[in-house]
Amino acid sequence: MRISPTWLREFVALDVDNVRLAEDLTHAGIAVEGFIGEGDAVLFEMEITTNRVDAMNHYGVARECSAIYNLELQPIIPKLPKLIQPESFPIEILDPALCARYTARAIRDVRIEKAPRYIAERLLIEAHHGINNVADSTNYALMEMGHPTHAFDLDLLEGGKIVVRPAVHGEKLKTLDGIERQLHPGDLVIADAVKPVALAGIMGGWDTMITPNTRNILIESAWFDPATVRRTARRHSMHTDASHRFERGADWGATTLACDRVTELVLETAGGKLAGYNDAVARKVSHEPIQLERSELRRILGQEIPEPDVTRILRRLGFELTETRASSNGAPEEGVRLALLQPPDAYTVEIPSWRMDVEREIDVIEEVARVYGFNNFANTLPSFSGGVVELPHALPESKTRTRLLALGYDEAVSPTFISTDDAQRFSSSEAVALENPLSEEAPLLRNSLVPGMLNLLAWNFNREATDVRLFEMGNVFSMSSERVEQRKLACFAATGSVGEKGVQLPSRSTDFFDLKGDAEAILNTFEKQSLQFTTPASGYFHPGRSATVVLNGETVGELGQLHPDLAAERKFKQEVWIAQLDLDRLFAVPLREPRYQRLSRYPSVERDFSLLLDNHVSYERLRTAIEGLRIPELESIEPQELFRGAGVPEGKYSLLLHLVFQSSERTLRDDEVSGWSRQVIAAVQGLGGSLRG
Amino acid sequence: MYIVPKLEDFSASALDAAARDLKSALQSESAAIASEADWKVLRDRWMARKNGVLTLLNDQWLKAAPTPAKREVGQRVNEVKKIVEEQIDAALARVSSTVSASRLEQERVDITLPGNRRKLGIEHPLIRTMNEIVGVFKAMGYSVAEGPEVETDYYNFESLNFPPNHPARDTQDTLMIKGQQGKPLRERLLLRTHTSPVQIRAMEKQPPPIRIVVPGRVHRADTADATHSPIFHQVEGLAVDTNITFCDLKGTLDQAAKAMFGSSVRTRFYPSFFPFTEPSADMQISCFKCGGSGRLKGERCGMCKASGWIEILGSGMVDPNVYGFVDYDPKKYSGFAFGMGVERIAILKYGIDDIQLFYQGDVRFLRQFA
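Residues numbered from 1 in each chain as written. Chains lettered and ligands numbered in written order. Predicted model: local features only at pLDDT ≥ 70, side-chain atom pairs only at ≥ 80, totals over all residues.

## A look at the overall build of chain B
And then number 1: Helix and strand content of chain B: 11 helices and 11 strands.
And then number 2: Taking 370 residues into account, the globule formula puts the C-alpha radius of gyration at 21 Å, and chain B, at 42 Å, lies well above it.
And then number 3: Expressed as lengths along the three principal axes of its C-alpha atoms, the size of chain B is roughly 125 × 50 × 45 Å.
And then number 4: Looking at chain B as a whole, 40% of its 370 residues are labelled buried.
And then number 5: Counted over contacts in chain B with a minimum sequence separation of 6, partners at least 24 positions apart contribute 67%. (Helix = DSSP H or I, 4+ residues; strand = E, 2+ residues; numbered from the N terminus. Rg over C-alpha atoms; globule rule 2.2 N^0.38 Å. Buried ≥ 20, exposed ≤ 12 C-beta atoms within 10 Å, placed from the backbone. Contact = placed C-beta atoms within 7 Å.)

## Here's the deal with the interface of chain B and chain A
And then number 1: Each partner contributes to the interface: chain B provides 72 residues, whereas chain A provides 75 residues.
And then number 2: Here the side of chain B that touches chain A takes 8 residues from helix α8 (residues 246–261) of chain B, the largest share from any one element.
And then number 3: Here the side of chain B that touches chain A is built from residues that sort into 36 nonpolar, 18 polar and 18 charged. (Nonpolar A, V, L, I, M, F, W, Y, C, P; charged D, E, K, R; others polar.)

## So, the domain arrangement of chain B
And then number 1: Split into domains, chain B comes out as domain 1 (12–106) and domain 2 (125–369).
And then number 2: Computed over C-alpha atoms, the centres of domain 1 of chain B and domain 2 of chain B are 84 Å apart. (Domains from an automatic or database assignment.)

## Brief notes about unusual backbone geometry
Glycine aside, a negative phi is what most residues show, and trans is what most peptide bonds show.
And then number 1: B:Pro209 follows B:Pro208 through a cis peptide bond whose omega is 5°.
And then number 2: Examined against the element boundaries, B:Pro209 turns out to sit in the loop between α7 (197–205) and β4 (210–219).
And then number 3: With a phi close to 40°, A:Ser481 is a non-glycine residue in the positive phi region.
And then number 4: Mapped onto the secondary structure, A:Ser481 falls in the loop between β21 (468–480) and β22 (483–495).

## Focus: the environment of B:Leu42
Residue and element names in this part refer to chain B.
And then number 1: As for its placement among the helices and strands, Leu-42 is situated in helix α2 (residues 36–47).
And then number 2: Between the C-alpha atoms of Leu-42 and Leu-92, which are 50 residues apart in sequence, the distance is 9.8 Å.
And then number 3: The residues contacting Leu-42, other than those within four sequence positions of it, are Glu-29, Ser-30, Ile-33, Ile-88 and Ala-91.

## Focus on the sheet that holds strand β5 (residues 231–241) of chain B
All names here are of chain B.
And then number 1: Reading across the sheet, the 7 strands line up as β1-β4-β5-β11-β10-β7-β6 and stay open at both edges, with mixed pairing between neighbours. Looking at strand neighbours, the two that pair on one side only are β1 (143–144) and β6 (267–274), the edges of this open sheet.
And then number 2: Pairing of strand β7 (residues 277–286) with strand β10 (residues 309–318), which is carried by 8 bridges, proceeds in the antiparallel orientation. If you follow Thr-277 over to β10, its bridge partner there is Val-318. (Pairing = 2+ DSSP bridges.)

Here it is in structure tokens:
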């Protein structure tokens with residue numbers, strides 16, 4: 001919406017320039033977003049909040065100016081000739097809930113032509129190019145005082161009456177925009193004795209519009225129920241100047257004034273003579289007076305506002321105030337007179353009909369505060385009781401994130417929406433669908449972070465970035481018995497070479513063990529009784545290079561190489577390693593509490609075993625077998641070299657195993673260590689392995 | 001090469017002469033060495049347990065001495081031993097300093113080559129900004145609270161004083177979950193359009209006083225372009241207690257703005273509208289780029305569009321209607337709420353020209369925030 005400051009000045013004698021005016025209005029909550037044009041022709045581009053429909057016109061903004069600058073507001077008083085021989089024109093309102101008031105005037109013998117310049121120029125403020133003098137008069141009044149009105153060709157209204165009623169099933173109405181609309185029984189229409197002629201509060205009908213042949217007109221100025229107008233407008237995907245205002249609550253008290261003002265303009269620009277008038281009031285729309293306590297002003301705002309400012313601001317805005325004082329029962333005359341010198345304890349505030357948004361004491365407080373000026377309030381800090389409480393997962397989350405960063409993964413944020421294919425491929429849970437998705441390609445909420453991650457990798461590959469490590473911590477969603485379940489996951493992916501490249505550094509491609517090591521580094525933050533990597537993992541992984549991660553007996557995630565088929569489908573030319581952890585489950589495990597153990601004062605003994613093992617004997621089995629010996633002095637087991645090929649029989653592999661023995665109580669004897677070594681070898685043999693020659 | 005002489009005469013003068021010979025031999029031999037390897041040879045010759053000079057002194061002087069002279073000879077041998085040890089140590093110090101100088105030269109590296117970088121991950125600018133904002137409020141006594149991204153109409157709208165069919169809902173462009181039409185309106189699921197529902201959830205859970213800061217992801221049905229995204233992040237705050245005033249709202253947010261953008265930043269407030277606060281206020285900060293002058297090196301400041309001010313957040317006193325939904329007594333308690341867009345603040349802070357960059361995972365973009 002646009003406002004011409006020149007027009008404003010016709011209602012209030014402003015003595016500030018337009019720049020200052022714009023600033024002051026903005027600071028009172030009537031936001032001027034920008035200027036259009038310059039000099040006297042400058043226009044304000046307004047951004048009026050939805051609650052302030054009363055300020056969506058020049059007179060309303062002028063009223064704000066009157067309050068801000070404490071200036072007189074010129075009233076709008078249409079001058080109409082006396083109605084000599086009133087014709088009767090019945091108005092029937094079927095449901096007072098839907099239409100509270102309908103005011104109409106009939107004018108006969110108008111000449112339909114172009115509107116004069118002074119009207120056309122004002123319409124140009126909103127870039128309206130004008131239709132005819134009657135339609136333009138209604139638009140002029142709308143811009144001037146904000147109440148939507150409509151003009152019918154009186155001769156095309158059949159049966160000599162207006163009926164405001166819900167549409168009947170099967171009824172149709174061609175609206176002014178030329179669209180034939182199928183009406184719904186929930187739509188409120190203006191009808192004549194026979195047919196609907198307008199969609200109430202939204203748009204007039206095509207068949208009864210003003211044409212160059214129109215001689216007699218009916219001007220409508222009504223008040224319609226906001227919710228009804230809104231529903232009807234939505235149902236027909238319409239949004240008009242009229243519906244915008246009625247939806248937000250028009251001025252019930254202004255229907256007669258608006259009707260008279262349009263009539264005055266029509267008589268001025270199209271001639272004609274008054275023929276009929278009817279103001280049908282189905283019910284009154286108003287708010288009860290509000291009690292405003294001065295103590296409440298102070299309690300909410302934190303600062304005393306001088307009494308004269310409070311009354312001046314509210315009165316200028318159109319509120320009527322009656323002062324109330326705490327009754328002093330049986331007080332002498334003198335006391336009463338003294339009390340009158342004090343500011344009142346409270347006011348009874350009458351709400352003007354155009355302020356549908358003011359219903360409660362707090363609304364009145366806001367009126368005072370905004371016009372008084374928010375920046376005239378002090379900046380203070382509240383005193384508080386109570387302490388700061390951390391969310392239970394705050395620390396594990398921060399540790400996990402810090403580790404991922406330390407491991408070289410860049411943090412990413414990926415979109416929430418995924419495709420149906422991806423939802424099926426990357427999770428077994430039922431994905432949550434959107435009613436109104438932004439795109440048909442991604443109509444679901446993500447049930448896995450993997451597809452989003454793959455899209456981020458693809459984005460990078462397409463931009464020649466091939467060494468990429470990314471992670472994301474975010475929520476995924478699934479439908480479970482009508483409820484949406486939200487889980488927090490972490491996904492991390494590595495592809496390309498490991499670490500940075502440099503003249504001193506050999507380059508190596510990321511492999512399974514890089515990913516596994518990173519996963520272990522994260523899981524080591526938690527209190528771990530057992531950590532296993534088991535097979536199989538989900539189908540989107542390479543079946544031979546993936547694992548399910550089981551911590552303390554519970555599955556907390558999966559990791560591995562993206563299945564080569566899926567990689568090929570996405571045109572990835574390199575291996576992609578990806579892991580996903582269920583943070584809700586992981587964070588249920590307490591963080592690892594560091595434990596101190598006295599350092600041994602006795603030397604350790606190291607033994608290397610060069611073993612030959614069958615391919616089907618996993619390292620896990622070997623380790624478990626050796627640990628199963630329960631040698632308390634066995635400090636660590638570490639695989640050092642793994643080799644297949646020349647010199648190693650087909651189907652076998654050679655493994656160099658490094659064992660460390662140590663006691664915290666004594667120096668180990670050679671014969672003890674030899675005994676343990678024999679036990680280890682026996683365990684290896686138990687697995688079908690042997691010591692290499 | 002010094003050879004330990006066999007002594008026949010154990011008189012003091014003879015011992016003197018023998019010691020003198022030994023010392024001069026030691027001096028010339030230790031002066032002759034040039035490397036650590038030489039020194040080891042020298043050390044072994046003089047100090048080795050088997051056949052070292054000192055061992056031989058013991059055998060040939062001390063053991064050979066007649067009993068009456070043993071005491072005197074013992075003393076002499078000890079003196080000599082001490083001198084030898086000192087001289088050998090000194091010789092090592094000499095050779096090792098000269099030798100290492102040349103070795104160090106050979107070991108010289110080109111220190112201008114880049115260091116071996118260990119790849120460190122980079123915080124996402126949004127998460128980093130969000131954590132910074134949260135940190136500011138945590139330091140002011142606010143506890144972090146979170147809530148679900150899929151919400152009911154009740155929490156996202158109704159309890160925040162957006163009545164059904166109210167035009168204020170239009171501004172929210174809500175993404176709805178499929179298949180909810182059969183349910184009563186308040187139970188219908190949607191993607192939360194703001195983090196404000198967490199205010200309600202927090203107040204339902206605890207009586208005042210309450211001070212929370214709520215970071216989180218929100219969604220609106222906005223078509224993605226350089227300045228719009230259907231996904232974005234907010235940080236919300238809420239403080240409710242007895243005697244919390246509009247002045248407190250202003251003071252708190254002014255302090256937070258200074259912590260976030262620098263202590264020289266000024267703030268100003270002007271009226272706005274949110275259904276769940278009243279009065280409602282938008283906060284602007286003085287432009288941190290041009291210092292609020294609107295001009296930068298004689299040019300129009302692009303950051304604040306020459307206005308000198310930048311809009312940062314929305315706020316207001318909690319609307320009494322909201323208290324009605326959570327059973328707080330509006331006559332006893334008052335409070336304020338505020339909310340800001342993380343994307344907007346990150347965009348302002350880093351001068352980012354396309355909001356989509358946040359969601360693409362482009363490492364060329366992310367690495368700029370190392």
